[in-house]
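Chain residues, written in single-letter form:
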Amino acid sequence: MATFVATLTKRKTAVSTGVSIPVVALLVAGAVFLLIGCLSSEIFAQQTVSGLADGAIFGLLALALVLIYRATEVVNFAQGEMAMATTYFAYQLTQWHLTYWLAFVLTLAFAFVFGVLVQVAFIRPVQHKSVIAVVIVTVGLFILIDGVVTWIWGADLKFMAAPFGNNVYTLSGVAFSRLDIGVFLVCIASMVLLWLLFQYTKLGLAMRASALRPSSAALVGVRVDRMLAVGWGLAAVLGAVAGMMTEPKQFVLQPPLMQPILLYAFAAAVLGGLESPFGAVVGGLTLGVFLNLIGQYVGFATSELRLPIAFAVLLFVLVLKPTGLFGRRQVRRV
Amino acid sequence: MPALLELEQVRARYGAVQALHGVSLDVEEGEIAAVLGANGAGKTTTLRAISGNVRREGEIRFAGRRLARTGPDDAARLGIAHVPEGRGTFAELTVWENLRLGAYTRSGRLRDDYARVQTYFPWLEERRNQQAGTLSGGEQQMLALARAFMQRPKLLLLDEPSLGLAPLLIAEIFRIIRELNEHEGLTVLVVEQNAHIALQAARRAFVLEVGRVALSGPSEELQQHESVRRSYLGY
């Protein structure tokens, strides 16, 4: 028996991170390229920082998509519209003379409840029917939310207070807008908080377990349905942050606010590998910087081509590496 | 004293297929009981009926309560740990995360329980941060046992712990099951195709045939029983 235990313990611990060496090399090369570019050109640096802010928003909404994809196995087409609706909620609160950041926090709470209710009322009834049924429901939600928001607030442009002011910082000749830095930091902070929740809390662990193996999760006492609803709530919270950060970037609020963002987020999620939260963030940041630099340095790529270029990226990834940068196949021994 | 678990005329079906035609059995506190039978006799379904993984009719009483409409999560909360076919291990999560999930229904610190788990499975500590899916089959079965133990269950349901394992490992697994029973007072209902090892470990056994208990009694008696010997022990 002693030899048996010895053979059990002798095998070396394999650390599986799911990150392949070519992908790491690619990312490091990209980072070095950006660093050299930023050091040698002020415009390049400006565009990169602005792209990171855009990309953080894409990454945040992509993260919401990934969260739901992992739990419910569908892409939530209504994610952008849910984000837009919660941004209108924040707008309404500021209209009632709440300060921007108080409205921000209250909106997050509202978004969580909203996400949970959407799951319970619309997704749960069809969840076990078929994937297509859930997809159709999310498309229906897209239309429903868009209609309700337009009905309540109208389709005309709304304006909100600027959360970060309009200051510009200058660092060795490069101008960084406070807005870009603020947006970037808020988005990254949200991602880190979410990661901490999933990695280090019992709730996060139960949510991961429910998404990975619902039947096994139920056997250890996890209320799986409840966890799925919480997942939708958290995704809606991420979306709300993305919406409230998109509004100041665009200076106006109107019902189609998040429609292009959702498409960028979709491209970002696919680029990162639809299963991978980390990939969604990296994919978002990459896409944001890439689109900005293309717009700056490639003459014919005007802003009208931003969406088509994002789609080209999407197509490119799906053809060349359908699992994206960080999507992985499981290592499993039986 | 009433038994910890009692099944009375329990029936269950998968769609049009009736899997259990009225199973009656009982498990007393502190014992190891075994359910034997051929493929398709309803062994797994019996466990699934107890933990609420399949819709069932008939009477199931556990620790004085009727399990009527309970789902698997409720069963876990009532103190039933079910290690299913395929072990129910979260392959994508680490060993330690699997153990934490085992203790999901409990509050408070896990350190003492983990220390006790380690006395039975000392190798776990070294593999703590390893993905469970990279463990060997035997290790995964042990992890499943350890996870169930972290739940501090009143009753452990084990579905074919010997499946796909080498004889040496099977013996090791059953040795640990018996230790958990003797030293920790864990009540176990184990389903097995390997009647030989199951009858050695269990105090009593129930032989299922086509969704019914065909035969039951103390293990020693069943070991001597003519038809059990011929059908399940092979001599």
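Up top is the structure these notes are about.
This text gives an overview of the structure that appears in the document. From a predicted model like this one, the values you see are computed outputs, not experimental measurements. (Residues numbered from 1 in each chain as written. Chains lettered and ligands numbered in written order. Predicted model: local features only at pLDDT ≥ 70, side-chain atom pairs only at ≥ 80, totals over all residues.)

We now examine the nonpolar core. Residues and elements named next belong to chain A. With 174 residues, the main nonpolar core has Leu60, Leu61, Leu63 and Ala265 as its most contacted residues. A total of 17 residues in this core trace back to one element, the largest contributor, which is helix H3 (residues 42–72). In this structure, Ala265 is in contact with Phe58, Leu61, Ala62, Leu65 and Gly284, ignoring residues within four places of it in sequence. (Core = buried A, V, L, I, M, F, W, Y, C linked by C-beta atoms within 7 Å. Buried ≥ 20, exposed ≤ 12 C-beta atoms within 10 Å, placed from the backbone. Helix = DSSP H or I, 4+ residues; strand = E, 2+ residues; numbered from the N terminus. Contact = placed C-beta atoms within 7 Å.)

Residue and element names in this part refer to chain B. Here we have six strands laid out as an open sheet, ordered E6-E7-E8-E3-E9-E10, and mixed in their pairing. In this open sheet, the two strands that pair with only one neighbour each are strand E6 (80–83) and strand E10 (212–218). Within the sheet, the average angular offset between the axes of one strand and its neighbour, ignoring direction, is 15 degrees. For E6 and strand E7 (residues 155–159), the ladder comprises four bridges, and the chain directions are parallel. Its bridge partner being in E7, Ile80 is matched across the sheet by Leu155. (Pairing = 2+ DSSP bridges. Axes fitted to C-alpha atoms, helices over the stretch in contact; angles between N-to-C directions.)

A few words on helix H8 (residues 202–212) of chain A. Taken as a whole, H8 of chain A has its buried residues at Leu205, Ala206, Met207, Arg208, Ala209, Ser210 and Ala211 of chain A. Tucked into the core, H8 of chain A has its buried residues touching H3, helix H7 (178–200), helix H9 (214–219) and helix H10 (224–250) of chain A together with helix H3 (95–102) of chain B.

Another point: the sheet that holds strand E5 (residues 65–66) of chain B. All names here are of chain B. The strand order E2-E1-E4-E5 describes an open sheet built from four strands, whose pairing is antiparallel. Where the open sheet ends on each side, the last strands, each with one partner, are strand E2 (17–27) and E5. Relative to E5, strand E4 (residues 56–62) runs antiparallel, the two being bridged by two bridges. When the sheet's bridge partners are listed, Phe62 is paired in E5 with Arg65.

Turning to the environment of Thr94 of chain B, a few remarks are in order. Residues and elements named next belong to chain B. The topology assignment puts Thr94 in the loop between E6 and H3. Residue Thr94 is classed as partly exposed on the basis of its 18 C-beta neighbours within 10 Å. The sequence separation of Thr94 and Ala132 amounts to 38 residues, and the corresponding C-alpha distance is 5.3 Å. In contact with Thr94, not counting residues within four places along its chain, are Arg128, Asn129, Gln130, Gln131 and Ala132.

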